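Commentary on secondary and tertiary structure
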Amino acid sequence: METITINGKTHLIHSLHDDAVVFQTEDGELYTEHFSVNELRCKCAKCMKQKPHKMQPEALAKMEGIRFRMNRAFSPTSAYRCAEHPEEAKKVKKGKEPGQHNKGVAMDIPVYGGAQRYQVVQEAIKAGARGIGVANSFVHIDWREGEPMSWKY
Ligand SMILES: [Zn+2]
């Protein structure tokens with residue numbers, strides 16, 4: 001696998017999509033310049049960011065591209081979620097499948113106010129996001145299969 005050295009640290013290059021580089025740890029976990037392994041892991045009480053995430057490289061690259069163009073520092077409210085994460089468990093309890101976070105193709109981006117909310121929605125559409133959920137304090141974006149959709153919380 002190709003490597004690159006940044007600030008004296010060697011990174012394994014997993015892949016490059018849409019000009020965004022996705023790196024990989026020696027254990028095979030993905031990360032990018034702006035999203036660390038820890039930020040991408042499930043935060044549920046059982047995982048507590050201690051278990052590897054399963055974010056998908058193409059979606060992660062698109063999120064990194066959005067982050068780069070927004071030029072605003074933030075930590076995702078939610079990225080990968082295991083099937084036992086309360087939000088995913090709710091869906092399973094209703095007889096549905098776990099959602100896009102569990103598939104590793106979704107991220108919730110915190111927003112403060114309408115201008116930031118608009119910017120995230122605009123960048124998400126530009127990046128081909130197929131699911132956009134708008135809440136007061138965050139915008140959910142995903143790259144789902146099937147029909148694209150938008151909703152409010
Ligand atoms: Zn979990």
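Keep in mind the model is a prediction, meaning the values are calculated, not measured.

Rules used throughout
- Residues numbered from 1 in each chain as written.
- Predicted model: local features only at pLDDT ≥ 70, side-chain atom pairs only at ≥ 80, totals over all residues.
- Pairing = 2+ DSSP bridges.
- Helix = DSSP H or I, 4+ residues; strand = E, 2+ residues; numbered from the N terminus.
- Buried ≥ 20, exposed ≤ 12 C-beta atoms within 10 Å, placed from the backbone.
- Contact = placed C-beta atoms within 7 Å.
- Axes fitted to C-alpha atoms, helices over the stretch in contact; angles between N-to-C directions.
- Parallel < 35°, antiparallel > 145°, perpendicular 65-115°, else oblique.
- Left-handed = near helix turned anticlockwise from the far one by under 90°.
- Nonpolar A, V, L, I, M, F, W, Y, C, P; charged D, E, K, R; others polar.
- Core = buried A, V, L, I, M, F, W, Y, C linked by C-beta atoms within 7 Å.

The next thing to look at is the pairing of strand β3 (residues 20–24). Pairing of strand β2 (residues 9–17) with β3 involves five bridges; the strand directions are antiparallel. Each bridged residue has a counterpart across the sheet, and for isoleucine 13 the counterpart in β3 is phenylalanine 23. Connecting the antiparallel pair β2 and β3 is a turn made up of two residues, with aspartate 18 showing a positive phi of about 50°. Two elements, β3 and strand β4 (residues 30–31), share two bridges in a ladder whose sense is antiparallel. Along β4, the bridge assignment pairs glutamine 24 with leucine 30. Linking β3 back to β4 in an antiparallel pair, the connection comprises five residues, with glycine 28 at a positive phi of about 95°.

On to the environment of glycine 131. On the secondary structure map, glycine 131 appears in strand β6 (residues 131–134). For glycine 131, a count of 20 C-beta atoms within 10 Å gives the class buried. Between the C-alpha atom of glycine 131 and that of aspartate 142, which follows or precedes it by eleven residues, the distance is 4.9 Å. Ignoring sequence-local partners within four residues, the contact set of glycine 131 consists of Gln100, Ala106, His140, Ile141, Asp142, Arg144, Pro148 and Met149.

Right, let's talk about the sheet that holds β6 for a bit. If you walk across this open sheet you meet the four strands as β5-β7-β6-β8, and the pairing is mixed. Every other strand in the sheet has two partners, leaving β5 (106–110) and β8 (149–152) as the edge strands with one partner each. Averaged over all adjacent pairs, the angle separating strand axes in this sheet is 15°, with direction ignored. Here β5 runs beside strand β7 (residues 138–142); their pairing, made up of five bridges, is antiparallel. Paired with proline 110 across the strands is phenylalanine 138, a residue of β7.

As a further point, take the sheet that holds β3. Pairing is antiparallel across the open sheet formed by four strands, whose spatial order is β1-β2-β3-β4. Each edge of the open sheet carries a strand with a single partner, namely β1 (3–6) and β4. The strands touched by helix α2 (residues 57–70) are β2, β3 and β4; relative to β3, the strand with the most contacts, the crossing angle is about 125°.

Contact geometry of α2 with helix α5 (residues 114–126) gives a least axis separation of 10 Å together with a crossing angle of 135°. For the element pair α2 / α5, the angle class is oblique. Considering how the two elements wind past one another, α2 and α5 form a crossing that is right-handed. Of the residues in α5, those in contact with Ile66, Arg69 and Met70 of α2 are Gln119, Glu123 and Ala124. Class assignment of the residues belonging to the contact of α2 with α5 gives a composition of three nonpolar, one polar and two charged.

With that settled, the discussion passes to the nonpolar core. Met55, Leu60, Ile109, Val139 and Ile141 are the most contacted members of the largest nonpolar core, which totals 27 residues. For this core, the elements supplying multiple residues, two or more each, are β3, β4, α2, β5, α5 and β7. Looking at this core element by element, the count peaks at five residues for α2. Here isoleucine 109 is in contact with Phe74, Pro76, Val120, Phe138, Val139 and Ile141, once residues within four sequence places are set aside.

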